[in-house]
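Architecture and fold: a report
The chain contents come next:
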Amino acid sequence: MKENFKIASVIIGTIVGAGLASGQEVLQFFSLYGKKGFIGIIICCIFYIFFLKIIIKLSIKNDLKSYKELTYFILGRKLGALVDFIISFFLFGGNVIMLSGGAALLNEYLNIPKTYAIFIMSLSSFIMAIYSTKGLVKLNSIIVPFSSAIILLIGASVLINNSPQYIYNQIYSSLPIKSNFILSSILYASFNTVSASGVLCPLVHEYKEKKHFISGCTIGSIVLTILVLIINLSIIVYAPKSYYFEIPNLYLSKVSGSLLPPFVSAAILLEMFSTEISDLYSIAKAFQFSFKISYINALIIIILFSVPFAFIGFSNLINILYPAFGAAGILFCAACMVKYDRNL
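All of the points below concern the structure found in this document. (Residues numbered from 1 in each chain as written. Predicted model: local features only at pLDDT ≥ 70, side-chain atom pairs only at ≥ 80, totals over all residues. Heavy atoms only, no water.)

So, a nonpolar patch on the surface
Basically, it comes down to this: Exposure above 30% relative accessible area and no salt bridge define the residues that can form patches, which grow by joining like charges within 9 Å and nonpolar side chains of Val, Leu, Ile, Met, Phe, Trp and Tyr within 5 Å. Computed with a 1.4 Å probe, the accessible areas rest on the Shrake-Rupley method; for each residue, only the protein chains presented here act as cover. Criterion for a salt bridge: a side-chain nitrogen of Lys or Arg within 4 Å of a carboxyl oxygen of Asp or Glu. Under the DSSP-based scheme used, a helix requires at least four consecutive residues in state H or I and a strand at least two consecutive residues in state E, with every element numbered from the N terminus.
Together, Leu123, Ile127, Ile130, Tyr131, Ile296, Ile300 and Leu304 make up a nonpolar patch on the protein surface, roughly 640 Å² of accessible area in all. Broken down by secondary-structure element, the contributors of at least two residues to the nonpolar patch are α6 (114–130) and α13 (295–312).

As structure tokens, this is what we get:
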């Protein structure tokens with residue numbers, strides 16, 4: 001059971017990231033669709049359980065060592081190369097954003113100059129990533145319970161400070177600002193599944209106890225769904241004000257008093273760090289097997305390329321790439337399903 005929760009924590013830590021911990025992803029992909037957003041969250045849970053199981057079984061049966069090998073295996077060389085480029089670019093961009101965002105938080109709360117803050121984030125990420133699979137599992141086993149506890153506290157404060165009738169009225173009367181919640185949910189679930197595959201493939205290859213992966217991913221998907229439901233409920237209860245904040249969870253914590261905000265900021269920083277490690281791990285493993293270089297050398301190359309971009313920011317480019325990554329994710333998941341069906 002302990003091993004199941006270790007795997008679950010890696011999945012949660014990889015998918016949660018700073019976007020979900022801040023509440024911004026939940027707002028954009030679910031809250032703005034009104035009460036239908038809750039249905040969308042359940043769709044994501046089913047999607048995760050179904051496709052992560054397929055990815056695990058394909059990885060075990062075909063001894064796939066990285067998301068690159070999986071992509072080429074399910075899509076062939078030409079289409080696989082295109083999707084692999086999109087995935088690699090997105091993971092690299094996410095890595096850069098986590099460096100830059102983490103540095104910005106260190107600068108804001110600890111008054112560390114951004115240049116030093118970027119190097120602190122880069123060095124600490126490199127040191128933790130050196131420990132490869134063990135480091136990733138250990139890090140998430142610490143960060144995920146902390147972040148989950150903060151989200152639960154936000155949810156509890158919402159329930160305590162508002163009557164059941166008011167909460168029900170807010171949910172029932174919440175009008176959708178966006179349409180097509182099903183497409184939004186599938187796009188969100190598909191690119192998170194691709195991100196998770198970047199960690200899952202090498203993890204399955206290196207982990208001896210492979211029997212724990214499917215149950216671990218199922219537990220992770222369910223826990224993740226509960227956390228997202230809590231964030232979504234909290235945002236809707238305090239709508240429409242909560243819609244206008246860049247970090248909705250920080251606003252929600254401030255409504256609850258002065259005690260929670262520092263912990264929410266710490267959770268976001270830790271999730272940035274966790275996502276940064278996951279992205280580094282995924283890309284480095286792909287580099288290791290593609291270019292036949294050591295894992296450490298792959299990490300050094302990625303860090304050296306990432307640091308300059310962290311100074312200029314990458315957020316606009318990634319926002320443009322998100323739809324492309326979501327579309328590539330749908331193609332990726334569909335190809336996984338077809339390949340799995342043929343491999344039965």
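Digging into the packing of helix α7 (residues 132–161) against helix α9 (residues 181–206)
Counted only if it meets this: Axis definition: a line fitted to C-alpha atoms, limited for helices to the stretch in contact. Angles are taken between N-to-C directions and run from 0 to 180 degrees. The sense of a crossing depends on the near helix, which, turned anticlockwise from the far helix by less than a right angle, makes the crossing left-handed and, turned clockwise, makes it right-handed. By definition, residues are in contact when any of their heavy atoms lie within 4.5 Å. For this scheme, ten residues count as nonpolar: Ala, Val, Leu, Ile, Met, Phe, Trp, Tyr, Cys and Pro. Four count as charged, namely Asp, Glu, Lys and Arg, and the remainder, Gly too, count as polar.
Their axes nearest at 10 Å, the elements α7 and α9 cross at an angle of 115 degrees. The two elements α7 and α9 meet at a crossing, and its hand is left-handed. Mapping the contact onto sequence places Ser132, Thr133, Leu136 and Val137 in α7 and Val199, Leu203 and Glu206 in α9. Split into classes, the residues belonging to the contact of α7 with α9 amount to four nonpolar, two polar and one charged.

As for unusual backbone geometry
Cis rather than trans, the peptide bond between Ala239 and Pro240 has omega equal to 5 degrees. The phi angle at Asp63 is positive, at roughly 50 degrees, despite the residue not being glycine. Residue position: Asp63 is located in the loop between α3 (36–62) and α4 (67–75). The backbone of Lys292 shows a phi angle near 55 degrees, a positive value even though the residue is not glycine. Along the chain, Lys292 falls in the loop between α12 (260–291) and α13.

Digging into the environment of Lys6
Quick reminder of the rule: Buried means the residue's accessible area, taken with a 1.4 Å probe over protein chains only, is under 20% of the maximum for its type, while exposed means over 50%, and partly exposed covers the values in between.
Structurally, the position occupied by Lys6 is in helix α1 (residues 2–22). On the basis of relative accessibility, which here comes to 27%, the residue Lys6 falls in the partly exposed class. Residues Lys6 and Leu136, spaced 130 residues apart in sequence, show a C-alpha to C-alpha distance of 9.9 Å. In this structure, Lys6 is in contact with Val137 and Tyr207, ignoring residues within four places of it in sequence.

Notes on the state of the cysteines
What counts, and what does not: Disulfides are defined as cysteine sulfur pairs within 2.5 Å.
Counted under the stated rule, the structure contains zero disulfides. Lacking any disulfide linkage, Cys217 is separated from the closest cysteine sulfur, that of Cys201, by 11 Å. No disulfide involves Cys333; its sulfur sits 6.1 Å from the nearest other cysteine sulfur, which is in Cys336.

A short note on the side chain of Ser221
Short version of the rule: Counted as a polar contact is a pair of N or O atoms within 3.5 Å, where, for protein atoms, one must be capable of donating a hydrogen and the other of accepting one, and residues adjacent in sequence contribute only when both atoms are in side chains.
In this fold, Ser221 is placed in helix α10 (residues 212–237). Of the polar contacts made by the side chain of Ser221, one reaches the backbone oxygen of Cys217; its length is 2.8 Å.

Quick notes on the packing of aromatic side chains
Our working rule: What counts as a ring pair is set by centres within 6.5 Å for rings of Phe, Tyr and Trp (its six-membered ring), and what kind of pair is set by the plane angle: stacked under 30 degrees, edge-to-face over 60, tilted for all other angles. The rule is short: NZ of Lys or CZ of Arg within 6 Å of the ring centre and within 35 degrees of the ring normal puts a charge over the ring.
A full pass over the atoms with the stated rule returns 14 aromatic pairs. Ring geometry for Tyr281 and Tyr295: centres 6.4 Å apart, planes at 70 degrees, overall edge-to-face. On the criterion of sequence distance, the pair formed by Tyr281 in helix α12 and Tyr295 in helix α13 is long-range, its members being 14 residues apart. Between Phe287 and Phe291 the ring centres are 5.4 Å apart and the planes differ by 85 degrees, which places this aromatic pair in the edge-to-face class. Here Phe287 pairs with Phe291, and both are found in helix α12, just four residues apart, close to one helical turn. By relative accessible area, which is 25% here, Phe287 ends up partly exposed. Look at Phe291 and you get exposed, because its relative accessible area is 53%. Every member of this aromatic cluster is reached through a ring pair, and the members are Phe29, Phe30, Phe90, Tyr188 and Phe191. Against the face of Tyr295 rests Lys285, its NZ or CZ located 4.6 Å from the ring centre. The ring of Phe73 has Lys339 sitting right over it, with the charged end atom 4.8 Å from the ring centre.

Some words on the side chain of Ser253
Mapped onto the elements of the fold, Ser253 is located in helix α11 (residues 248–255). On the basis of relative accessible area, Ser253 is assigned to the buried category, the value being 0%. What Ser253 contacts, discounting residues up to four positions off in sequence, is Leu260, Pro261 and Val264.

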